[in-house]
Amino acid sequence: MKTHSGARRRFLKTGIGVTASQWFPGLAAAQAGGGPRLEWQQFKTTNQYPAFVNAIATMRANANQASPGSLSYWSNVHVNTCPHGVPYFISWHRGYLYHFEQQLRSVSGNPALTLPYWNYYAYATLPAEFTDPAPGNPLYVPRQSANVRSALSLAPFASAVRNFQRGKYNAFEPSIEDVHNPIHDLIGGVMSTMQSPLDPIFFLHHASVDRLTHAWSLLAGKTMPNSANPYSSTNSDVYWAGNHVYATGLSIERYKTRIPGWLGTSYASNAVPTTLPPLPAAAAARAALLERPPFQSFRTVAGRRLSSTRRSVSGVAQVPFDEQSVSVLLRLAKSDAAELARVVALCRDAGEPDARQMPGTIKLVFDNLSVGTAAKKGGFFYALYLDMPAVVASQAERETSLIGTLGAFQIAAAAHHGTPRIEFDVSYLLARQDRVNFGELVLSWVRVDGDRPPAGKVILANEIRVELAFAPDDAHMLSGDAEDIERQHL
């Protein structure tokens, strides 16, 4: 279903000045709440299952995009206001699930109905109820893949991941998003677009991310910004100030999304995964032979000052992504290599990485990305590595060089925020690699396919570059001007 600007204006205009209970018929009764959210395999054995299926069927059949009783309404909320790859990814979606759950209760007439979640760390294949194409099955939509095992990682639950929010080092939010994104990509279909809530599995996927977030927060040594309940500027972290606004008449105070309990929500299990499910036989054979891909050459781009606080130190242009896995050598001028070494040394010497603001960061930037028409359906992603070993001998070795992933969903989300650009902070990744020479960096991408991947060129990056980024007060640390930098690369 296509979202038009006119529909968006009507969507936002409707209900100006109304309260949430007026805007959502039956919401006051629906807010009574039920028990904990259950994993799908247990949920489908309860008497809530038919209420959930019937509610999804009713919402899919409602063609009125301005009605909160339609699934397209919630898709438009996601298209218009959701954050991905930016702060509040977790908090925004927690409030979004809360409001959607209230609507499910209203539509179903069951005030005890709760959203189920899909624990893909235990069941990596889509639940059978979502893949049955029988006529009239409201849980089925066309998809590219059913198994998401290749997207899963235990990295978000590593002991080093201490901080909660994006923008801090060793943070959970970007780490769990690096699991969330390729799941969207592998499933594909509408899940690889910003209209992904049109696929009912979206809500089970995000309930799983929400559960994993809460489970992580309960582990010893994890830190989240504190808040009183209710929020107070005198004894609460400013991170929780303000509101998430989903649509006119529909918002939530941010502090309420700090923990599920403040929204009246809980989960049947608060355990974090400690193992990954087994890979399908073919994928297991490929994983056992993970080697650094062969090198290819692309047109190099000279280093240059990008702003008063950022400078590109190495780059390549017009880079296509297809079925092949590729490595590219990024060469740095001597002065730029020394600058990277200085930033990495500061990262290593910082002790507790969240204890102080680092004066500089190292970014890997994929700029001006485009996706081919067939590739927009997803069914694939690329695992990105920096200085990948020639042969990856263990999962731990993989984690020391894994940057993140790149796929159709991430690009759609980046374009949603403006320029289709994705950037990764690789400062601490380089620090953990214990290297001393930064004259050359090796970027590798490994293609990961689902059941029905697209062929040919699927993504084009206008430029891939390494950037040095400094806070405004430290901008003087950007040495050299653009002409000097360009001369260094000639």
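Structure first, text after, so check above.
For clarity, every value in this text was computed on a predicted model and none was experimentally measured.

> I'd like a rundown of the pattern of salt bridges, residues and numbers included.
Opposite charge on two side chains allows them to pair when their charged atoms are near. What the rule picks out here adds up to 22 salt bridges. Two residues, Glu-467 and Arg-310, come together in a salt bridge whose shortest N-O distance is 2.6 Å. One end of the pair, Glu-467, is in strand E12 (residues 459–470); the other, Arg-310, is in strand E5 (residues 310–321), and 157 residues separate them in sequence. Assessed through its relative accessible area of 21%, Arg-310 is described here as partly exposed. The partner of Glu-463 in a salt bridge is Arg-465, and the shortest N-O contact between them spans 3.2 Å.

> Residue-level account of helix H10 (residues 201–217), with values.
With 17 residues, H10 should reach 24 Å at 1.5 Å per residue; the first-to-last C-alpha distance of 25 Å fits that figure. Of all the 17 residues making up H10, 17 are buried; the element is thus mostly covered by neighbouring parts of the structure.

> Would you mind going over the packing of aromatic side chains in detail, with residue names and values included?
Ring pairs (aromatic) are described by centroid distance and by the angle formed between their planes. Under the counting rule described, the total for this entry stands at 32 aromatic pairs. When the ring of Phe-172 is compared with that of Trp-216, the centres are 4.7 Å apart and the planes differ by 20 degrees; the resulting orientation is stacked. Residue Phe-172 is located in helix H9 (residues 172–187), and its partner Trp-216 is located in helix H10; the two are separated by 44 residues in the primary sequence. Across the pair, Trp-216 and Phe-172 agree in class, each one buried. Both rings, one in Phe-366 and one in Phe-424, keep their centres 6.0 Å apart while their planes meet at 85 degrees; by these two values the pair is edge-to-face. With Phe-366 in strand E7 (residues 360–371) and Phe-424 in strand E10 (residues 422–425), this residue pair connects regions lying 58 residues apart in the sequence. Counting every residue linked through ring pairs, the aromatic cluster contains Tyr-88, Trp-118, Tyr-120, Tyr-121, Phe-157, Phe-164, Phe-172, Trp-216, Tyr-239 and Trp-240. Sitting over the face of the ring of Tyr-88, Arg-254 holds its NZ or CZ atom 4.1 Å from the ring centroid.

> Describe the environment of Asn-243, and please don't skip the residues or the numbers.
Of note, Asn-243 is situated in strand E1 (residues 243–247). You can call Asn-243 partly exposed: its relative accessible area is 43%. Separated by 12 residues in the primary sequence, Asn-243 and Tyr-255 have C-alpha atoms spaced 8.2 Å apart. Beyond its immediate sequence surroundings of up to four residues, Asn-243 is in contact with Ile-252, Glu-253 and Arg-254.

> Describe the nonpolar core, listing the residues and the values that go with them.
Ranked by size, the top nonpolar core spans 78 residues in total, and within it Phe-52, Phe-100, Leu-104 and Tyr-120 carry the most contacts. In terms of residue count, H10 provides more of this core than any other element does, 9 residues in total. Every residue in contact with Phe-52, bar those within four places of it in the chain, is listed here: Trp-40, Phe-43, Leu-104, Leu-113, Leu-115, Pro-116, Leu-139 and Leu-204. Of all hydrophobic cores here, the second largest spans 48 residues; its members include Leu-332, Phe-424, Val-466 and Leu-468.

> Which residues make up the side chain of Ser-427, and what values go with them?
For Ser-427, the position within the fold is in helix H15 (residues 427–432). The class for Ser-427 is buried, based on a relative accessible area of 0%. Contact partners of Ser-427, with chain neighbours within four places excluded, come to Val-344, Cys-347, Thr-361 and Ile-362.

> Lay out the packing of helix H7 (residues 89–108) against H10 in plain terms, naming residues and giving numbers.
Interhelical geometry of H7 versus H10 gives an angle of 125 degrees and a closest axis separation of 10 Å. Compared by their axis directions, H7 and H10 come out oblique. Note that H7 runs across H10; the crossing there is left-handed. Here Phe-89, Ile-90, His-93, Arg-94, Tyr-96, Leu-97 and Phe-100 of H7 come into contact with H10, specifically with Phe-202, Phe-203, His-206, Ala-207, Val-209, Asp-210, Thr-213 and His-214. Residue composition of the contact of H7 with H10, grouped by class: 9 nonpolar, 4 polar and 2 charged.

> Mind laying out the sheet that holds strand E8 (residues 380–386), listing which residues take part and the relevant values?
A sheet is described by the order of its strands in space; here 4 strands give the open sequence E6-E11-E8-E9, paired in antiparallel fashion. The outermost strands of the open sheet, each flanked by one partner alone, are strand E6 (326–331) and strand E9 (402–406). Between one strand and the next, the sheet's axes are offset by a mean angle of 20 degrees, whatever the strand orientation. Note that E6 and strand E11 (residues 440–449) share 6 bridges and pair antiparallel. In the sheet register, Leu-330 faces E11, and the bridge partner there is Leu-441.

Conventions adopted
Residues numbered from 1 in each chain as written. Predicted model: local features only at pLDDT ≥ 70, side-chain atom pairs only at ≥ 80, totals over all residues. Heavy atoms only, no water. Salt bridge = Lys/Arg side-chain N within 4 Å of Asp/Glu carboxyl O. Helix = DSSP H or I, 4+ residues; strand = E, 2+ residues; numbered from the N terminus. Buried < 20%, exposed > 50% of the residue type's maximum accessible area, 1.4 Å probe, protein only. Expected span 1.5 Å × (residues − 1). Phe/Tyr/Trp six-rings, centres within 6.5 Å; stacked < 30°, edge-to-face > 60°. Lys NZ or Arg CZ within 6 Å of the ring centre and 35° of its normal. Contact = heavy atoms within 4.5 Å. Core = buried A, V, L, I, M, F, W, Y, C linked by side-chain atoms within 4.5 Å. Axes fitted to C-alpha atoms, helices over the stretch in contact; angles between N-to-C directions. Parallel < 35°, antiparallel > 145°, perpendicular 65-115°, else oblique. Left-handed = near helix turned anticlockwise from the far one by under 90°. Nonpolar A, V, L, I, M, F, W, Y, C, P; charged D, E, K, R; others polar. Pairing = 2+ DSSP bridges.

Function-wise, these values are silent; they only describe arrangement.
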